[in-house]
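Take a look at the letters that make up each chain.
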Amino acid sequence: MARLGPGEVRTVACIGAGVIGGGWAAHFLARGYRVVAWDPAPDGAARLTRLVDRAWPALTELGLADGADRDNLSFAGSLSAAVAVADFVQESAPEQLELKQKLLADIDAATPAGVVVASSTSGYGMTEMQTAATTPERLVVGHPFNPPYLIPLVEVVGGKLTEQWAVDWASEFYRLAGKSVITMDRELPGFIANRLQEALWREALHMVANGEATVEQIDQAITDGPGLRWPAQGPCLTFHLAGGEGGMAHMLDHFGPSLKSPWTRLEAPELTPELHDEMVDGCEREAAGRSIADLVRERDRAIIAVQRALGREHG
Ligand SMILES: NC(=O)c1ccc[n+]([C@@H]2O[C@H](COP(=O)([O-])OP(=O)(O)OC[C@H]3O[C@@H](n4cnc5c(N)ncnc54)[C@H](O)[C@@H]3O)[C@@H](O)[C@H]2O)c1
């Protein structure tokens, strides 16, 4: 079967055009694609137009791709009309399993052979969503973050019936479309980023429920605390620097025993030699030759830039 390469995509169908589908539409338009949207709601087209209108000034300021034009957006009269002309399909309908199963089967039936179909689902696995499709091998999860036109991350993962070429194709397409892509090797409920968010969120709810912290204290704890480091370095590299010149290895020796302390309701894993080494090796891979001093300089520059951008400099 002749299949378009990820770099040959011209038209993207956005099925479901609410917060996320509309955000995807704005992103793809800004990257120079034609977008055909479909949404069953009577006010779907009007809502989509408003969303893209509001996003466009920010996208223009960020810099549009060559040929990007807000007028490359059209609204189809039916699901089949939208996907019939698509080189890639992004489904962003409500998060209900039965709805997704039926919709993905309908999309699959009407989309030209070999065209990859991605779902924006926040937490369902493709294995449970692809059950009714005739050609489930081209169905993948492409999980974005709101708003998809500003937050780069997309997590890509297939289901049991998905073929590897579809996962690779979608990953490459998203990369070319300006996204930061994590291609996951296996299905995991909530994917990676939502699991991390959710751990923090559940602990926050526990602390409020128990009167241990207020809503305001929790938000301040992140925006004026660890949240300032995360735009530059994720939680692992952040703790690599918490170990001083000794990096992650020293940090684990120093704080490893704290894993037994009641600092969170989430149970800690056993800090086995294998886990210890994987954390140390992972940080070394990520540092890619940069010394602790280099990373400290990068982190400090980023924190100052974020504080300045937010108008939150102290002193
Ligand atoms: N909101 C977020 O922060 C976020 C982040 C990442 C992923 N997601 C996922 O994106 C998907 C969409 O979420 P949302 O927040 O945009 O919801 P939303 O309610 O804003 O939009 C859903 C849209 O789907 C339309 N719709 C209803 N039935 C449909 C059908 N049968 N076929 C096609 N469209 C239909 C609705 O009219 C609506 O416009 C969900 O799977 C959600 O889990 C949401």
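All values reported here derive from a predicted model rather than from experimental measurement.

**Side note on the overall build of the chain**
Tallying secondary structure elements over the chain gives 12 helices and eight strands in all. At 22 Å, the chain has a C-alpha radius of gyration in line with the 20 Å of a compact globule built from 315 residues. Its C-alpha atoms give the chain principal-axis dimensions of about 60 × 45 × 45 Å. Pairs at least 24 apart in sequence give 67% of the contacts found in the chain among residues at least 6 apart.

**Details of the UniProt feature "domain: 3-hydroxyacyl-CoA dehydrogenase NAD binding" (unreviewed entry) in the chain**
In this numbering, the UniProt entry assigns the feature "domain: 3-hydroxyacyl-CoA dehydrogenase NAD binding" (unreviewed entry) to residues 11–184. Secondary structure across residues 11–184 comprises 39% helix and 21% strand; the distance between its end C-alpha atoms is 26 Å.

**So, the packing of helix α9 (residues 235–242) against helix α10 (residues 247–255)**
A packed helix pair is summarised by two numbers, namely the angle formed by the two axes and the spacing between the axes. The interhelical angle for the contact between α9 and α10, taken along N-to-C directions, is 80°, at an axis separation of 7 Å. Relative to α10, α9 is oriented roughly perpendicular. Packed against α9, whose contacting residues are F239, H240 and A242, the element α10 presents G247, M248 and M251 at the interface. Within the contact of α9 with α10, the residues separate by chemical class into four nonpolar, two polar and no charged.

**Here's the deal with unusual backbone geometry**
Here the bond from N146 into P147 is cis, since omega is -5°, no more than 30 degrees from zero. By the secondary structure assignment, P147 is in the loop between β6 (139–144) and β7 (153–158). Not every positive phi belongs to a glycine, and F191 is a case in point at roughly 60°. By the secondary structure assignment, F191 is in the loop between β8 (180–183) and α7 (193–209). Overall, the presence of 22 C-beta atoms within 10 Å leaves F191 in the buried class. The backbone phi angle of A288 is positive, close to 45°, even though this residue is not glycine. Mapped onto the elements, A288 comes out in the loop between α11 (273–287) and α12 (292–309). The exposed category is assigned to A288, around which 6 C-beta atoms lie within 10 Å.

**Description of α10**
Taken together, the buried positions of α10 are G247, M248 and M251. Projected down its long axis, α10 shows its buried positions confined to an angular sector of 100°, all on one face.

**A word on the UniProt feature "domain: 3-hydroxyacyl-CoA dehydrogenase C-terminal" (unreviewed entry) in the chain**
Mapped onto the present numbering, the UniProt feature "domain: 3-hydroxyacyl-CoA dehydrogenase C-terminal" (unreviewed entry) falls at residues 190–258. Secondary structure across residues 190–258 comprises 62% helix and 0% strand; the distance between its end C-alpha atoms is 27 Å.

**Concerning the domain arrangement of the chain**
The domains assigned to the chain are domain 1 (6–183) and domain 2 (224–309). Distance from the C-alpha centre of domain 1 to the C-alpha centre of domain 2: 34 Å.

Analysis parameters
Residues numbered from 1 in each chain as written. Predicted model: local features only at pLDDT ≥ 70, side-chain atom pairs only at ≥ 80, totals over all residues. Helix = DSSP H or I, 4+ residues; strand = E, 2+ residues; numbered from the N terminus. Rg over C-alpha atoms; globule rule 2.2 N^0.38 Å. Contact = placed C-beta atoms within 7 Å. UniProt positions renumbered as here; feature names shortened; annotations may be inferred. Axes fitted to C-alpha atoms, helices over the stretch in contact; angles between N-to-C directions. Parallel < 35°, antiparallel > 145°, perpendicular 65-115°, else oblique. Nonpolar A, V, L, I, M, F, W, Y, C, P; charged D, E, K, R; others polar. Buried ≥ 20, exposed ≤ 12 C-beta atoms within 10 Å, placed from the backbone. Arc of directions from axis to C-beta. Domains from an automatic or database assignment.

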